[in-house]
Amino acid sequence: MKEEPLSRNEREFLEHSLMAGARLDGRGPYDFRQVTLAFGQERGHLEVSMGATKVLAQTSCEVVEPPPNRPAEGVIRYTVELSPMASASFDSGRPPPLGVEVQRILERALKESRAVETESLCIVAGEKVWAVRVDITVLDHGGNLVDAVALAALGSLLHFRKPHVEVIGNDVTIHTLQSHVPDPLSVHHRPLCISFAFFGDSGEAAVVDPGRKEEEVSVGTLTLALNVHREVCAIHKLGGATLAPDQLLECMEIAHVKAGELAAELDAALKADEVARSNEVVRPPSLLELSKQRITAAVRDPASVDMVAPHDQGHAAAAAA
């Protein structure tokens, strides 16, 4: 079942409202929808809600043989799936053009900007490297998929931990998550995507974080991928709206502020998750796990030990009486 497009009256109403600076949900032109980040029990599991848009990201890794042209670098792959339950316009067969576009922007923002250090994923040069895979699934399409997908992918990478590896000579030991503390990924910088939608004959009106209906009536969109260091990692423009240089610079200044706000929310969510994990009750190890570990005697506080000899306890009691 396909979704019905907007009627002519709806389009005209939206266009006139947006040109006047009014949005359907009451936001200002440069306001984001409410952003919620929910980390799962498993490392690398993150669900991002940006208004009605919901995205799920999961990071995993495995040991593979490196490519011949880069024998000392690991591999990072990003996949974006637009499931039919997210929108009636998405089919279960081949990916829609929107999914291909979102994945390309994500790879330009994170992969081509080398946000994750691939050299740190090397175990043995030319033999074994880590292949990190980030799977993003769109659960609900409420507009501005690019920003939600980029935030979910970056948060999943920062939350993920890979098994600790020990290399001694020619012996490579990959420890389990229970026996050794896993290692985080080496992230150089944190690119985030900020999208604009333009309206009017020449795109003179712009809004941040466009909703789905706003995207349908827009004459063009602009996505800026940048980090908190004011470094632009990628620029992607779609549509026929022509942007003047001063308008592009204004969008970049707004995007820098919004990227800092999203980065602060992501840092706060990561810290809250670490605090919650540190306060969790540790599960007692099983007998099989204990057999694989070295058991040592507990050290008792010397101050709590009664130093009176057994044969002197009677004299001490009489003296006390």
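This section reports on the structure supplied with the text. Since the structure is predicted, the reported quantities are computational estimates derived from the model, not experimental observations.

The two faces of strand 12 (residues 205-208) match: Ala 205 and Val 207 on one face and Ala 206 and Val 208 on the other face are all buried. Sheet topology note: the strand 11 (residues 192-199)/strand 12 ladder contains four bridges and is antiparallel. Bridging across to strand 12, Phe 196 finds its partner in Val 208. Where strand 11 hands over to strand 12, the hairpin turn is made up of five residues, of which Gly 200 adopts a positive phi near 100°.

Moving on to the environment of Phe 196. Relative to the helices and strands, Phe 196 resides in strand 11. On the basis of relative accessible area, Phe 196 is assigned to the buried category, the value being 0%. C-alpha separation for the pair Phe 196 and Glu 215, spaced 19 residues apart in sequence, amounts to 9.4 Å.

To continue, consider the packing of helix 2 (residues 97-111) against helix 3 (residues 145-159). Interhelical geometry of helix 2 versus helix 3 gives an angle of 45° and a closest axis separation of 10 Å. Between helix 2 and helix 3, the interaxial angle falls into the category oblique. In terms of crossing hand, the pair formed by helix 2 and helix 3 is right-handed. Where helix 2 abuts helix 3, its residues Leu 98, Val 102, Ile 105, Leu 106 and Leu 110 lie against Leu 145, Val 146, Val 149, Ala 150, Ala 153 and Leu 154.

When a strand is regular, its side chains alternate between the sheet's two faces. Bridging between strand 8 (residues 165-168) and strand 9 (residues 171-174) involves four bridges; their strand directions are antiparallel. Residue Ile 168 lies in a different strand from strand 9, and its bridge partner there is Asp 171. In textbook terms, the turn of a hairpin is the stretch between consecutive antiparallel strands, and for strand 8 and strand 9 this stretch comprises two residues, one of which, Gly 169, has a positive phi near 65°.

Rules used in this analysis
Residues numbered from 1 in each chain as written. Predicted model: local features only at pLDDT ≥ 70, side-chain atom pairs only at ≥ 80, totals over all residues. Heavy atoms only, no water. Buried < 20%, exposed > 50% of the residue type's maximum accessible area, 1.4 Å probe, protein only. Helix = DSSP H or I, 4+ residues; strand = E, 2+ residues; numbered from the N terminus. Pairing = 2+ DSSP bridges. Axes fitted to C-alpha atoms, helices over the stretch in contact; angles between N-to-C directions. Parallel < 35°, antiparallel > 145°, perpendicular 65-115°, else oblique. Left-handed = near helix turned anticlockwise from the far one by under 90°. Contact = heavy atoms within 4.5 Å.

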